[in-house]
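Listed below are the residues making up each chain.
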Amino acid sequence: MPTNQALREQIAQRLYQELGALAEAAAKQLPDAASPPAADLPDSSVDQLQQHIIALANAVLMNSPGLFEGHLLQFSQQLGPVVATEEVAALRQTLLLRLTVGEYVLVAGILSAGLVALAAPLAALAPVAEAPPETPEALRFAALATHYVTLLLAADRTAAQRLLVAEAEAGTDVRDLYLHVLQPAQREVGNRWHRGEISVAEEHYCTAATAGVMAQLQPYFQGTPRNGRRLLAACVAGDLHTIGLQMVADFLEYDGWDVSYLGASTPQDSIRRMIADQGVQLLLTSASMPHHVPLLGDLVAALRRDPATRHVRVVVGGRPFVYDADLWERTGADAWAASADDAVAVVRGLFQQE
(Lines give C-alpha, C1' and ligand atoms only; values in the text may rest on other atoms or scores of the structure.)
Protein backbone atom coordinates (compact mmCIF):
# COMPACT_ATOMS: atom_id res chain seq x y z
CA MET A 1 0.00 0.00 0.00
CA PRO A 2 1.51 3.38 -0.96
CA THR A 3 2.24 5.98 1.71
CA ASN A 4 0.02 9.05 1.83
CA GLN A 5 2.58 11.18 -0.03
CA ALA A 6 3.21 8.43 -2.57
CA LEU A 7 -0.55 8.21 -3.13
CA ARG A 8 -0.70 11.97 -3.66
CA GLU A 9 2.07 11.80 -6.22
CA GLN A 10 0.33 8.88 -7.92
CA ILE A 11 -2.97 10.76 -8.17
CA ALA A 12 -1.34 13.96 -9.39
CA GLN A 13 0.58 12.09 -12.06
CA ARG A 14 -2.59 10.35 -13.22
CA LEU A 15 -4.50 13.63 -13.42
CA TYR A 16 -1.71 15.18 -15.49
CA GLN A 17 -1.47 12.18 -17.82
CA GLU A 18 -5.23 11.84 -18.40
CA LEU A 19 -5.88 15.58 -18.51
CA GLY A 20 -7.54 15.73 -21.93
CA ALA A 21 -9.65 12.59 -21.53
CA LEU A 22 -10.87 13.61 -18.07
CA ALA A 23 -11.81 17.10 -19.23
CA GLU A 24 -13.75 15.79 -22.22
CA ALA A 25 -15.59 13.24 -20.06
CA ALA A 26 -16.47 15.92 -17.48
CA ALA A 27 -17.69 18.29 -20.21
CA LYS A 28 -20.29 15.67 -21.16
CA GLN A 29 -21.63 15.80 -17.59
CA LEU A 30 -22.37 19.54 -17.82
CA PRO A 31 -25.97 20.76 -18.09
CA ASP A 32 -26.71 23.03 -21.05
CA ALA A 33 -26.99 26.01 -18.69
CA ALA A 34 -23.37 25.55 -17.60
CA SER A 35 -22.05 26.75 -20.95
CA PRO A 36 -22.66 30.42 -21.81
CA PRO A 37 -22.41 31.41 -25.48
CA ALA A 38 -18.94 30.85 -26.90
CA ALA A 39 -18.52 34.59 -27.55
CA ASP A 40 -18.73 35.23 -23.81
CA LEU A 41 -16.00 32.72 -22.91
CA PRO A 42 -12.25 33.10 -23.35
CA ASP A 43 -11.93 29.28 -23.54
CA SER A 44 -14.20 26.32 -24.15
CA SER A 45 -15.65 24.30 -21.27
CA VAL A 46 -13.07 21.57 -21.96
CA ASP A 47 -10.24 24.09 -21.61
CA GLN A 48 -11.73 25.39 -18.36
CA LEU A 49 -12.08 21.86 -17.01
CA GLN A 50 -8.45 21.20 -17.88
CA GLN A 51 -7.49 24.23 -15.79
CA HIS A 52 -9.52 22.83 -12.89
CA ILE A 53 -7.84 19.43 -13.20
CA ILE A 54 -4.36 20.96 -13.22
CA ALA A 55 -5.22 23.02 -10.14
CA LEU A 56 -6.65 19.92 -8.47
CA ALA A 57 -3.50 17.92 -9.23
CA ASN A 58 -1.33 20.64 -7.71
CA ALA A 59 -3.55 20.84 -4.62
CA VAL A 60 -3.34 17.06 -4.19
CA LEU A 61 0.44 17.11 -4.63
CA MET A 62 0.92 19.93 -2.11
CA ASN A 63 -1.75 18.59 0.30
CA SER A 64 -3.51 21.94 0.11
CA PRO A 65 -7.29 22.21 -0.34
CA GLY A 66 -6.80 25.99 -0.04
CA LEU A 67 -4.75 25.96 -3.23
CA PHE A 68 -7.73 24.56 -5.17
CA GLU A 69 -10.13 26.93 -3.42
CA GLY A 70 -8.00 29.88 -4.45
CA HIS A 71 -8.01 28.73 -8.06
CA LEU A 72 -11.80 28.38 -8.06
CA LEU A 73 -12.35 31.77 -6.46
CA GLN A 74 -10.18 33.47 -9.09
CA PHE A 75 -12.00 31.58 -11.83
CA SER A 76 -15.44 32.44 -10.43
CA GLN A 77 -14.57 36.15 -10.46
CA GLN A 78 -14.39 35.96 -14.24
CA LEU A 79 -17.24 33.62 -15.13
CA GLY A 80 -19.34 33.50 -11.98
CA PRO A 81 -19.74 30.93 -9.18
CA VAL A 82 -22.59 29.10 -10.98
CA VAL A 83 -20.37 28.07 -13.91
CA ALA A 84 -17.53 27.13 -11.57
CA THR A 85 -19.82 25.09 -9.31
CA GLU A 86 -21.35 23.15 -12.20
CA GLU A 87 -17.96 22.41 -13.71
CA VAL A 88 -16.54 21.16 -10.40
CA ALA A 89 -19.64 19.01 -9.85
CA ALA A 90 -19.18 17.51 -13.34
CA LEU A 91 -15.52 16.88 -12.60
CA ARG A 92 -16.38 15.17 -9.32
CA GLN A 93 -18.86 12.85 -11.07
CA THR A 94 -16.25 11.96 -13.68
CA LEU A 95 -13.52 11.24 -11.14
CA LEU A 96 -15.90 9.07 -9.12
CA LEU A 97 -16.13 6.78 -12.15
CA ARG A 98 -12.45 6.95 -13.16
CA LEU A 99 -10.42 6.80 -9.92
CA THR A 100 -9.94 3.97 -7.47
CA VAL A 101 -11.75 4.23 -4.14
CA GLY A 102 -8.59 5.26 -2.31
CA GLU A 103 -7.74 7.87 -4.91
CA TYR A 104 -11.24 9.29 -4.99
CA VAL A 105 -11.52 9.57 -1.20
CA LEU A 106 -8.46 11.80 -1.11
CA VAL A 107 -9.55 13.90 -4.10
CA ALA A 108 -13.17 14.23 -2.95
CA GLY A 109 -12.18 16.17 0.17
CA ILE A 110 -10.43 18.81 -1.93
CA LEU A 111 -13.32 19.03 -4.40
CA SER A 112 -15.82 19.40 -1.56
CA ALA A 113 -13.78 22.18 0.05
CA GLY A 114 -13.79 24.00 -3.29
CA LEU A 115 -17.56 23.72 -3.61
CA VAL A 116 -18.02 25.03 -0.07
CA ALA A 117 -15.80 28.02 -0.88
CA LEU A 118 -17.84 28.78 -4.02
CA ALA A 119 -21.08 28.65 -2.03
CA ALA A 120 -19.89 31.13 0.60
CA PRO A 121 -20.83 34.80 0.26
CA LEU A 122 -18.06 36.75 -1.43
CA ALA A 123 -17.70 39.10 1.55
CA ALA A 124 -17.00 36.14 3.83
CA LEU A 125 -14.14 34.92 1.65
CA ALA A 126 -12.00 38.03 1.85
CA PRO A 127 -10.24 39.14 5.01
CA VAL A 128 -11.80 42.16 6.65
CA ALA A 129 -9.52 45.15 6.17
CA GLU A 130 -9.59 48.16 8.42
CA ALA A 131 -10.64 51.34 6.68
CA PRO A 132 -7.62 53.60 6.15
CA PRO A 133 -7.58 56.68 8.36
CA GLU A 134 -8.89 59.77 6.57
CA THR A 135 -5.77 61.82 7.21
CA PRO A 136 -4.72 64.44 4.67
CA GLU A 137 -1.82 62.19 3.65
CA ALA A 138 -4.07 59.13 3.17
CA LEU A 139 -6.53 61.18 1.14
CA ARG A 140 -3.72 62.61 -0.96
CA PHE A 141 -2.38 59.15 -1.82
CA ALA A 142 -5.88 57.87 -2.57
CA ALA A 143 -6.45 60.75 -4.96
CA LEU A 144 -3.03 60.19 -6.51
CA ALA A 145 -3.76 56.49 -7.04
CA THR A 146 -7.11 57.30 -8.65
CA HIS A 147 -5.46 59.85 -10.95
CA TYR A 148 -2.77 57.33 -11.88
CA VAL A 149 -5.31 54.64 -12.79
CA THR A 150 -7.39 57.14 -14.78
CA LEU A 151 -4.36 58.09 -16.86
CA LEU A 152 -3.46 54.45 -17.49
CA LEU A 153 -6.98 53.54 -18.58
CA ALA A 154 -6.90 56.54 -20.91
CA ALA A 155 -3.76 55.00 -22.48
CA ASP A 156 -1.63 57.95 -21.37
CA ARG A 157 1.31 56.03 -19.95
CA THR A 158 3.71 58.95 -20.31
CA ALA A 159 1.57 61.25 -18.16
CA ALA A 160 1.03 58.50 -15.57
CA GLN A 161 4.74 57.89 -15.23
CA ARG A 162 5.56 61.60 -15.08
CA LEU A 163 2.99 62.00 -12.31
CA LEU A 164 4.84 59.63 -9.98
CA VAL A 165 8.37 60.63 -10.95
CA ALA A 166 7.42 64.24 -10.15
CA GLU A 167 6.22 63.09 -6.72
CA ALA A 168 9.53 61.36 -6.05
CA GLU A 169 11.50 64.40 -7.20
CA ALA A 170 9.42 66.54 -4.84
CA GLY A 171 10.57 64.42 -1.90
CA THR A 172 7.77 61.87 -1.49
CA ASP A 173 9.13 58.60 -0.08
CA VAL A 174 9.18 56.16 -3.01
CA ARG A 175 8.09 53.37 -0.67
CA ASP A 176 4.87 55.27 -0.06
CA LEU A 177 4.37 55.56 -3.80
CA TYR A 178 4.73 51.78 -4.10
CA LEU A 179 2.46 50.94 -1.17
CA HIS A 180 -0.23 53.60 -1.53
CA VAL A 181 -0.30 54.26 -5.29
CA LEU A 182 1.16 51.43 -7.37
CA GLN A 183 -0.16 48.51 -5.30
CA PRO A 184 -3.75 49.76 -5.07
CA ALA A 185 -3.62 50.80 -8.73
CA GLN A 186 -2.55 47.30 -9.81
CA ARG A 187 -5.24 45.80 -7.58
CA GLU A 188 -7.88 48.04 -9.14
CA VAL A 189 -6.76 47.17 -12.66
CA GLY A 190 -6.83 43.46 -11.81
CA ASN A 191 -10.31 43.74 -10.30
CA ARG A 192 -11.60 45.53 -13.38
CA TRP A 193 -10.21 42.79 -15.58
CA HIS A 194 -11.78 40.08 -13.39
CA ARG A 195 -15.14 41.88 -13.66
CA GLY A 196 -14.79 42.07 -17.43
CA GLU A 197 -14.65 45.87 -17.48
CA ILE A 198 -11.31 46.00 -19.30
CA SER A 199 -9.66 43.64 -21.77
CA VAL A 200 -6.53 41.53 -21.35
CA ALA A 201 -4.73 43.98 -23.62
CA GLU A 202 -5.68 46.92 -21.40
CA GLU A 203 -4.57 45.03 -18.27
CA HIS A 204 -1.22 44.25 -19.91
CA TYR A 205 -0.82 47.88 -20.94
CA CYS A 206 -1.37 49.07 -17.36
CA THR A 207 0.99 46.48 -15.92
CA ALA A 208 3.72 47.36 -18.43
CA ALA A 209 3.30 51.04 -17.56
CA THR A 210 3.68 50.29 -13.86
CA ALA A 211 6.83 48.26 -14.56
CA GLY A 212 8.13 51.25 -16.50
CA VAL A 213 7.54 53.73 -13.72
CA MET A 214 9.16 51.35 -11.22
CA ALA A 215 12.26 51.31 -13.43
CA GLN A 216 12.31 55.12 -13.38
CA LEU A 217 12.06 55.10 -9.58
CA GLN A 218 14.96 52.63 -9.17
CA PRO A 219 17.63 55.26 -8.35
CA TYR A 220 15.69 56.28 -5.23
CA PHE A 221 16.07 52.75 -3.82
CA GLN A 222 19.79 52.48 -4.52
CA GLY A 223 20.97 55.52 -2.58
CA THR A 224 20.84 53.99 0.91
CA PRO A 225 23.85 52.44 2.76
CA ARG A 226 24.67 48.81 1.87
CA ASN A 227 24.60 46.01 4.45
CA GLY A 228 27.12 43.74 2.70
CA ARG A 229 24.57 41.07 1.76
CA ARG A 230 23.24 39.99 -1.63
CA LEU A 231 19.86 38.65 -2.64
CA LEU A 232 18.58 37.11 -5.82
CA ALA A 233 14.98 37.62 -6.97
CA ALA A 234 13.46 35.38 -9.63
CA CYS A 235 10.15 33.86 -10.67
CA VAL A 236 10.02 30.11 -11.33
CA ALA A 237 9.78 28.77 -14.86
CA GLY A 238 6.49 29.72 -16.50
CA ASP A 239 5.62 32.51 -14.07
CA LEU A 240 5.47 35.81 -15.95
CA HIS A 241 4.01 38.00 -13.17
CA THR A 242 6.89 40.04 -11.80
CA ILE A 243 5.47 43.27 -10.37
CA GLY A 244 5.06 42.00 -6.80
CA LEU A 245 8.49 40.36 -6.76
CA GLN A 246 10.12 43.54 -8.11
CA MET A 247 8.45 45.59 -5.37
CA VAL A 248 9.82 43.32 -2.64
CA ALA A 249 13.31 43.37 -4.17
CA ASP A 250 13.22 47.19 -4.36
CA PHE A 251 12.19 47.52 -0.71
CA LEU A 252 15.04 45.27 0.39
CA GLU A 253 17.45 47.19 -1.83
CA TYR A 254 16.34 50.33 0.04
CA ASP A 255 17.07 48.40 3.25
CA GLY A 256 20.68 47.87 2.19
CA TRP A 257 20.75 44.67 0.16
CA ASP A 258 22.59 44.30 -3.14
CA VAL A 259 20.10 42.84 -5.60
CA SER A 260 20.45 40.45 -8.53
CA TYR A 261 17.03 40.65 -10.17
CA LEU A 262 16.32 37.98 -12.79
CA GLY A 263 12.60 38.57 -13.26
CA ALA A 264 10.13 36.28 -15.03
CA SER A 265 10.26 32.55 -15.82
CA THR A 266 13.80 31.68 -14.76
CA PRO A 267 15.03 28.08 -15.15
CA GLN A 268 15.80 26.28 -11.91
CA ASP A 269 19.41 25.50 -12.82
CA SER A 270 20.10 29.15 -13.69
CA ILE A 271 18.87 30.25 -10.28
CA ARG A 272 20.91 27.60 -8.51
CA ARG A 273 24.13 28.43 -10.39
CA MET A 274 23.84 32.16 -9.82
CA ILE A 275 23.25 31.67 -6.09
CA ALA A 276 26.43 29.58 -5.90
CA ASP A 277 28.52 31.86 -8.15
CA GLN A 278 27.57 35.15 -6.49
CA GLY A 279 27.49 34.00 -2.87
CA VAL A 280 23.81 34.93 -2.57
CA GLN A 281 22.41 34.70 0.97
CA LEU A 282 18.72 35.27 0.24
CA LEU A 283 16.41 34.09 -2.53
CA LEU A 284 13.14 35.90 -3.16
CA THR A 285 10.67 34.01 -5.30
CA SER A 286 6.93 33.90 -5.75
CA ALA A 287 4.01 31.92 -7.14
CA SER A 288 1.41 34.07 -8.85
CA MET A 289 -0.80 31.08 -9.72
CA PRO A 290 -1.53 27.77 -7.92
CA HIS A 291 0.29 25.67 -10.54
CA HIS A 292 3.54 27.51 -9.81
CA VAL A 293 3.64 26.31 -6.19
CA PRO A 294 4.93 22.76 -6.87
CA LEU A 295 7.67 24.23 -9.11
CA LEU A 296 8.64 26.53 -6.28
CA GLY A 297 8.84 23.53 -3.95
CA ASP A 298 11.03 21.70 -6.49
CA LEU A 299 13.35 24.72 -6.63
CA VAL A 300 13.78 24.84 -2.85
CA ALA A 301 14.41 21.08 -2.73
CA ALA A 302 17.11 21.40 -5.41
CA LEU A 303 18.80 24.21 -3.48
CA ARG A 304 18.80 22.15 -0.28
CA ARG A 305 20.40 19.16 -2.05
CA ASP A 306 23.33 21.19 -3.40
CA PRO A 307 26.13 21.90 -0.85
CA ALA A 308 26.88 25.15 -2.70
CA THR A 309 23.36 26.52 -2.21
CA ARG A 310 21.84 24.80 0.81
CA HIS A 311 22.81 27.78 3.00
CA VAL A 312 20.56 30.26 1.16
CA ARG A 313 17.46 31.54 2.95
CA VAL A 314 14.29 31.45 0.85
CA VAL A 315 11.37 33.86 1.26
CA VAL A 316 8.27 33.26 -0.86
CA GLY A 317 5.20 35.29 -1.69
CA GLY A 318 2.18 35.33 -3.94
CA ARG A 319 -1.59 34.96 -3.85
CA PRO A 320 -1.73 31.14 -3.44
CA PHE A 321 -0.13 31.45 0.01
CA VAL A 322 -2.96 33.72 1.14
CA TYR A 323 -5.46 30.88 0.74
CA ASP A 324 -3.45 28.37 2.81
CA ALA A 325 -1.61 29.71 5.84
CA ASP A 326 0.73 26.69 6.06
CA LEU A 327 1.43 26.22 2.36
CA TRP A 328 4.73 28.10 2.38
CA GLU A 329 6.14 25.64 4.92
CA ARG A 330 5.35 22.71 2.64
CA THR A 331 7.49 24.28 -0.09
CA GLY A 332 10.51 24.09 2.23
CA ALA A 333 10.94 27.88 2.33
CA ASP A 334 12.22 29.70 5.40
CA ALA A 335 9.42 32.28 5.49
CA TRP A 336 6.73 34.01 3.48
CA ALA A 337 5.79 37.65 3.20
CA ALA A 338 2.41 39.13 2.31
CA SER A 339 3.70 42.48 1.05
CA ALA A 340 6.83 44.47 0.32
CA ASP A 341 6.98 46.19 3.71
CA ASP A 342 6.19 42.90 5.45
CA ALA A 343 9.11 41.29 3.59
CA VAL A 344 11.57 43.79 5.06
CA ALA A 345 10.53 42.84 8.62
CA VAL A 346 10.58 39.12 7.78
CA VAL A 347 14.06 39.25 6.26
CA ARG A 348 15.42 41.33 9.13
CA GLY A 349 14.13 38.65 11.48
CA LEU A 350 15.83 35.86 9.50
CA PHE A 351 19.20 37.59 9.56
CA GLN A 352 19.09 39.43 12.90
CA GLN A 353 21.47 36.99 14.63
CA GLU A 354 24.11 37.24 11.91
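Keep in mind it's a predicted model, so treat the numbers as computed, not measured. (Residues numbered from 1 in each chain as written. Predicted model: local features only at pLDDT ≥ 70, side-chain atom pairs only at ≥ 80, totals over all residues. Heavy atoms only, no water.)

Draft legend 1. Just the pattern of salt bridges, in detail. A complete count under the given rule lists 11 salt bridges for this structure. Between Arg140 and Glu167 there is a salt bridge, with its nearest N and O atoms 2.9 Å apart. With Arg140 in helix H8 (residues 136-153) and Glu167 in helix H9 (residues 157-169), this residue pair connects regions lying 27 residues apart in the sequence. When its relative accessible area of 37% is taken as the criterion, Arg140 is described as partly exposed. According to the relative accessible area criterion, Glu167 is buried, its value standing at 18%. Two residues, Arg226 and Asp258, come together in a salt bridge whose shortest N-O distance is 4.0 Å. Placement of Arg226 in the loop between helix H11 (200-217) and strand E1 (230-236) and of Asp258 in strand E2 (residues 258-266) is noted, with a sequence separation of 32 residues between them. Judged by relative accessible area, Asp258 falls into the partly exposed class, the value being 27%. Connected through salt bridges with shared partners, the residues Arg14, Glu18 and Glu103 form a single ionic network. (Salt bridge = Lys/Arg side-chain N within 4 Å of Asp/Glu carboxyl O. Helix = DSSP H or I, 4+ residues; strand = E, 2+ residues; numbered from the N terminus. Buried < 20%, exposed > 50% of the residue type's maximum accessible area, 1.4 Å probe, protein only.)

Draft legend 2. Local environment of the nonpolar core. The biggest cluster of nonpolar side chains holds 56 residues, and the ones touching the most others in it are Leu56, Phe68, Leu95 and Leu283. Once you skip the residues sitting within four places of it in the chain, Leu56 turns out to touch Leu15, Phe68, Leu91, Leu95, Val107, Ile110 and Leu111. (Core = buried A, V, L, I, M, F, W, Y, C linked by side-chain atoms within 4.5 Å. Contact = heavy atoms within 4.5 Å.)

Draft legend 3. Molecular detail of the pairing of strand E4 (residues 313-317). Counting buried positions along E4 gives 4 out of 5 residues, so the element sits mostly inside the fold. Running through helix H14 (residues 293-305), the crossover from strand E3 (residues 282-286) to the neighbouring parallel element E4 is right-handed. Pairing of E4 with strand E5 (residues 335-336) involves 2 bridges; the strand directions are parallel. Looking at the pairing, Val316 lines up with Trp336 of E5. (Right-handed = clockwise from strand over helix to strand, strands pointing away. Pairing = 2+ DSSP bridges.)

Draft legend 4. Structural detail: the packing of helix H5 (residues 81-98) against helix H6 (residues 101-119). Across the interface, H5 lies against H6 with an axial gap of 10 Å and an inter-helix angle of 170°. Viewed along their axes, H5 and H6 adopt a mutual orientation that is roughly antiparallel. Handedness of the crossing formed by H5 with H6: left-handed. Contact residues: Pro81, Ala84, Thr85, Val88, Ala89, Leu91, Arg92, Leu95 and Leu96 in H5; Tyr104, Val107, Leu111, Ser112, Leu115 and Leu118 in H6. In terms of residue class, the contact of H5 with H6 is built from 12 nonpolar, 2 polar and 1 charged. (Axes fitted to C-alpha atoms, helices over the stretch in contact; angles between N-to-C directions. Parallel < 35°, antiparallel > 145°, perpendicular 65-115°, else oblique. Left-handed = near helix turned anticlockwise from the far one by under 90°. Nonpolar A, V, L, I, M, F, W, Y, C, P; charged D, E, K, R; others polar.)

Draft legend 5. Up close: the packing of aromatic side chains. As enumerated under the stated definition, the model contains 6 aromatic pairs in all. Seen in terms of ring centroids, Tyr178 and Phe251 are 6.0 Å apart; in terms of plane orientation they differ by 45°. Their pairing is tilted. Remark: Phe251 occurs in helix H12 (residues 243-254) and Tyr178 occurs in helix H10 (residues 174-194); sequence separation between them is 73 residues. Accessibility expressed as a relative area gives 1% for Tyr178, which makes it buried. Assessed through its relative accessible area of 5%, Phe251 is described here as buried. Between Phe221 and Phe251, the aromatic rings sit 6.2 Å apart at their centres with planes inclined by 35°, giving tilted as the arrangement. Pair noted here: Phe221 is in the loop between H11 and E1 and Phe251 is in helix H12, with a separation of 30 residues, a long-range link. A single burial state applies to Phe221 and to Phe251, both of which are buried. Chaining the aromatic ring pairs together yields one cluster made of Tyr178, Phe221, Phe251 and Tyr254. One Lys or Arg, Arg313, reaches over the ring of Phe351 and ends 5.3 Å from the middle of that ring. (Phe/Tyr/Trp six-rings, centres within 6.5 Å; stacked < 30°, edge-to-face > 60°. Lys NZ or Arg CZ within 6 Å of the ring centre and 35° of its normal.)

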